[in-house]
Amino acid sequence: MPAPKSPQNPARVLVVDDDPTVAEVVARYLERDGHEVECVGDGAEALRRALADPPDLMVLDLMLPKLDGLQVCRKLRERWPVPVIMLTALGEEMDRVVGLETGADDYVAKPFSPRELALRVQSVLRRARGALVPTGTGVLRDGDLVVDVGAHEVRLGGKEITLTAREFDLLVYLLRNPRQAFSRTALLDQVWGWSFGDSSTVTVHVRRLREKIEDDPTDPRRIVTVWGVGYRYEPLP
């Protein structure tokens, strides 16, 4: 019998892994936290189910039969903004970076601690549901960039642009703290509430954010690199 639902953040989670033992262990830990869990063993079936009835979050292995995890994540994100935690092999940094660029919200390297994965699930769900930054309402402006925090809407030159939940959180945090340099570790902690994680996560999302709000992402004017430190938001003159 599954554990009673936790009042903190219960969700419907789709676990996609072709290793039944891994899927069973992950499901057991997530059910202890009160989540409703469904397990699928191949990418094509996972995509079919997720498109038909989107879960609150997907735990997605990178190496899958029929469709790999990157293909599933890419095709899913074309239709629904479902949060995705990617499972990757230990040490395959390029796979993790590509996964984040494809749209994954987080990754966990195998072999992993099931408890750590459960904590990551809670963290990603809180971000997706707006329980972390940004808080409050109001409108933030920098030249032709306008961010309506309450409406979760971003416009550049009057045109609405689409940001993921993580990109939105990062942009709001930087806009609220202009001309202050932050390390990647500080941004992990202060924006997303992580006391653990790989700083390449921040690097990837800064790159993606620059591609959406900078006139020339290769020569950014707003989100500038502070060498030896991290990043700083520079308001336009």
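Residues numbered from 1 in each chain as written. Predicted model: local features only at pLDDT ≥ 70, side-chain atom pairs only at ≥ 80, totals over all residues. Heavy atoms only, no water.

**A look at the overall build of the protein chain**
- Across its full length, the protein chain holds 8 helices and 12 strands.
- A separation of at least 24 residues holds for 58% of the contacts in the protein chain among residues at least 6 apart in sequence.
- When the accessible surface of the protein chain is split by element, carbon and sulfur atoms take 51% of a total near 11300 Å². (Helix = DSSP H or I, 4+ residues; strand = E, 2+ residues; numbered from the N terminus. Contact = heavy atoms within 4.5 Å. Areas by Shrake-Rupley, 256 points an atom, 1.4 Å probe, with all protein chains shown as cover.)

**Let's talk about unusual backbone geometry**
- Residue Lys-110 is joined to Pro-111 through a cis peptide bond whose omega torsion reads -5°.
- Within the fold, Pro-111 resides in the loop between strand 5 (106–110) and helix 5 (114–128).
- Located in the positive-phi region is Lys-66, a residue other than glycine, with phi close to 75°.
- Looking at the secondary structure, you find Lys-66 in the loop between strand 3 (57–61) and helix 3 (69–77).
- Of note in this structure, His-152 is not a glycine but carries a positive phi near 55°.
- By the element assignment, His-152 lies in the loop between strand 7 (145–148) and strand 8 (153–156).

**Remarks on helix 8 (residues 200–213)**
- For helix 8, spanning 14 residues, the distance from its first C-alpha to its last is 20 Å, which sits close to the expected 20 Å at 1.5 Å a residue.
- Within helix 8, 10 of the 14 residues are buried, which leaves the element mostly enclosed by the surrounding structure.
- Listed as buried for helix 8 are Ser-200, Thr-201, Val-202, Val-204, His-205, Val-206, Arg-208, Leu-209, Arg-210 and Ile-213. (Expected span 1.5 Å × (residues − 1). Buried < 20%, exposed > 50% of the residue type's maximum accessible area, 1.4 Å probe, protein only.)

**Brief notes about the UniProt feature "modified residue: 4-aspartylphosphate" (unreviewed entry) in the protein chain**
- Within the UniProt annotation, "modified residue: 4-aspartylphosphate" (unreviewed entry) is assigned to Asp-61.
- Among the secondary structure elements, Asp-61 is positioned in strand 3.
- Accessibility expressed as a relative area gives 6% for Asp-61, which makes it buried. (UniProt positions renumbered as here; feature names shortened; annotations may be inferred.)

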